[in-house]
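An overview of the molecular structure
For reference, the chains in residue letters:
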Amino acid sequence: MNQVQNFTKGFIKENPILVMVLGACPTLATTSSMINGLGMGLATTFVLLGSNTVVSLMKNLIPDKVRIPAFIVVIATFVTIVDLVMNAYVPSLYESLGIFIPLIVVNCIVLGRAEAFASKNTVWSSVVDGAGMGLGFTTALGVLGAIREILGSGAIGGFKFISGDGILVFILAPGAFIALGYMIAIVKKINKA
Amino acid sequence: MDFILLIISAILVNNIVLAQFLGVCPFLGVSNKVSTAIGMSGAVTFVMVLATMVTYLIYTYVLIPLGIGFMQTIAYILVIASLVQMVEIILKKISQPLYQALGIFLPLITTNCAVLGVAILVIKKDYNLVEGIVYGAATAIGFGLALVILAGIREQLELVDVPSGMKGAPIALVTAGILALAFMGFAGLV
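Residues numbered from 1 in each chain as written. Chains lettered and ligands numbered in written order. Predicted model: local features only at pLDDT ≥ 70, side-chain atom pairs only at ≥ 80, totals over all residues. Heavy atoms only, no water.

1. Section: the nonpolar core
Where we set the bar: Think of a nonpolar core as a cluster: buried Ala, Val, Leu, Ile, Met, Phe, Trp, Tyr and Cys residues, connected wherever their side-chain atoms sit within 4.5 Å. Exposure categories follow from relative accessible area, calculated using a 1.4 Å probe and restricted to protein chains: below 20% of the type maximum is buried, above 50% is exposed, and the middle band is partly exposed. Every residue pair with non-hydrogen atoms within 4.5 Å of one another is taken to be in contact.
With 111 residues, the main nonpolar core has Phe27, Ile109 and Leu116 of chain B as its most contacted residues. Beyond its immediate chain neighbours, meaning those up to four positions away, phenylalanine 27 of chain B contacts Val17, Leu18, Ala146, Leu147, Leu150 and Ala176 of chain B.

2. A closer look at the environment of methionine 53 of chain B
Residues and elements named next belong to chain B. The cut-off we apply is this: Strands here are runs of E lasting at least two residues and helices are runs of H or I lasting at least four, both read from the DSSP assignment and numbered beginning at the N terminus.
With respect to the secondary-structure elements, methionine 53 resides in helix α3 (residues 34-66). Of the residues examined, methionine 53 reaches a relative accessible area of 32% and is grouped as partly exposed. As a C-alpha pair, methionine 53 and alanine 75 span 22 residues in sequence and 14 Å in three-dimensional space.

3. Looking at the interface of chain A and chain B
Heads up, the rule is: When a carboxyl oxygen of Asp or Glu is within 4 Å of a side-chain nitrogen of Lys or Arg, the pair counts as a salt bridge.
Contact with chain A, which involves 37 residues of that partner, is made by 36 residues of chain B. Counting across the chain A and chain B interface gives zero salt bridges. Of all the elements in the fold, those that place two or more residues in the side of chain A that touches chain B are α2 (24-30), α4 (67-89), α6 (108-118) and α8 (173-192) of chain A. Broken down by element, the side of chain A that touches chain B gets its largest block of residues, 13 residues, from α8 of chain A.

4. Section: helix α1 (residues 3-13) of chain B
Because each turn of an α-helix spans 3.6 residues, side chains separated by three or four positions end up pointing in the same direction. Along α1 of chain B, the residues that are buried comprise Leu6, Ser9, Ala10, Ile11, Leu12 and Val13 of chain B. Its buried side turned inward, α1 of chain B meets α8 (129-157) and α9 (169-183) of chain B.

5. Notes on a nonpolar patch on the surface
All names here are of chain A. Keep this limit in mind: Candidates for patches are residues over 30% relative accessible area with no salt bridge; among them, like charges are joined within 9 Å and nonpolar side chains (Val, Leu, Ile, Met, Phe, Trp, Tyr) within 5 Å. Areas reported here follow the Shrake-Rupley algorithm with a probe of radius 1.4 Å; residue values treat only the protein chains shown as occluding.
On the surface, a cluster of nonpolar side chains totalling about 450 Å² of accessible area is made up of Ile150, Ile156, Phe159, Phe161 and Ile162. The topology assignment puts isoleucine 162 in the loop between β2 (159-160) and α8. Classification of isoleucine 162 by relative accessible area gives partly exposed; the value is 36%.

6. Description of the pattern of salt bridges
Residue and element names in this part refer to chain A. Here the structure, examined in full by the defined rule, presents four salt bridges over all chains. Arginine 67 serves as the salt-bridge partner of glutamate 115, at 2.9 Å between the closest nitrogen and oxygen. Of this pair, glutamate 115 sits in helix α6 while arginine 67 sits in helix α4; the two residues are 48 residues apart in sequence, bridging distant segments of the chain. Residues arginine 113 and aspartate 129 are paired through a salt bridge, measuring 2.9 Å at the closest nitrogen-oxygen approach. Highlighted residues: arginine 113 in helix α6 and aspartate 129 in helix α7 (residues 123-153), separated in sequence by 16 residues. Both residues of the pair, arginine 113 and aspartate 129, belong to the buried class. Members of the salt-bridge network, linked through shared partners, are Lys9, Arg113 and Asp129.

7. Let's talk about the environment of cysteine 113 of chain B
Relative to the helices and strands, cysteine 113 of chain B is located in helix α7 (residues 113-124). With 91 residues separating them in the primary sequence, cysteine 113 of chain B and leucine 22 of chain B have C-alpha atoms 5.8 Å apart. Residues within four places of cysteine 113 of chain B in sequence aside, it is in contact with Cys25, Leu103 and Val106 of chain A together with Leu22 and Gly23 of chain B.

8. Here's the deal with unusual backbone geometry
Residue and element names in this part refer to chain B. Notably, phenylalanine 21 is not glycine yet its phi reads approximately 55°, a positive angle. Residue position: phenylalanine 21 is located in the loop between α1 and α2 (24-29). Positive phi is not limited to glycine here, since aspartate 126 has a value of about 60°. As for its position among the elements, aspartate 126 is in the loop between α7 and α8. Owing to a relative accessible area of 69%, aspartate 126 belongs among the exposed residues under this scheme.

9. Describing the packing of aromatic side chains
Spelled out, the test is: Two aromatic rings from Phe, Tyr or Trp, using only the six-membered ring of Trp, form a pair when their centres are within 6.5 Å; if the ring planes differ by under 30 degrees the pair is stacked, by over 60 it is edge-to-face, and anything between is tilted.
This structure, assessed with the given rule, holds five aromatic pairs over all chains. A centroid spacing of 6.2 Å and a plane angle of 70° characterise the contact between phenylalanine 46 of chain A and phenylalanine 78 of chain A, whose relative ring orientation is edge-to-face. Of this pair, phenylalanine 46 of chain A sits in helix α3 (residues 34-57) while phenylalanine 78 of chain A is found in helix α4, placing the two residues 32 residues apart along the sequence. Ring geometry for tyrosine 127 of chain B and tyrosine 135 of chain B: centres 5.3 Å apart, planes at 55°, overall tilted. Under the relative-accessibility criterion, tyrosine 127 of chain B is labelled buried at 11%.

10. Quick word on the side chain of serine 9 of chain B
Residue and element names in this part refer to chain B. Tracing the backbone shows serine 9 in helix α1. Judged by relative accessible area, serine 9 falls into the buried class, the value being 17%. Dropping the residues within four chain positions of it, serine 9 is found in contact with Asn14, Asn15 and Val190.

Right, here's the structure in full:
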């Protein structure tokens, strides 16, 4: 597989959330607006890039039996970095993403890529894989956030284009589940065609 | 703090899955059959109460005195992972039937964000140890309730002709959405 395919597979063909349904918790929780969704996606991308790089660098040093705890420590380190940096430089975004920043550590996507890809491949392909998967996840979150924001509050990126309220249920919990359900169904259809 | 209010709020009003989106992966993953759903809820209850207690003690008596509160995430995930491992070993030794019932679910719990989420929330909300444990137990019951209800609905869905694109995860998510809508009706309770 060449690097271009390696990069683009994360967007539609193997999109972590829309095809593999990994990392559903942050997806549902942080997509009440497009900006929040993108912020969460980028934070996850950073952790994914960092953990993929370090794991593939150390793949020969980590004994097979303790590899999962070792991966988790690597991931938790990068999550802590993101947590502190976001708290310092983008406090309002940090506030609205809340508990879901530290919870990147249990995001199945990150551990899944470390285990399934980075521990078996070269550093360069792992970086490309991490970037592709992370940006695929970010795109999905951005699109879902935009859909929910447009339907739910009649706005896009915080800019309101209707007066009054939208279909309120879409920025509340039920709308998250329903919108993601239909989005996965549509991507399934695209992939089959 | 009124404990009854805390319990009702954690189970119904702020249901961990349907209102706070924690633990959605196992919620979708093991909700195919009611029996597995019950097993999973049992295991989660067990680990969540224990993890809340241990992480609270570690935060208050180790991380804070040493001034390394920022190590919270790393410390918690290590504690939860080793706790799950320990529970598995102990259960295997002392109670075979319980191990048979919960065994396969235990490794999955390490990556259940509800467990880590509750441990972090207890600190964020400034609960004391007793409140934390009650909150953890009530949250776990709420998780179990949502899981068992969804499993019941999905068992019935097996018999229905779902459009091919909607099969699997999409229909489960839409069902969960309608369930969340129903749970919103409890909002006035607290």
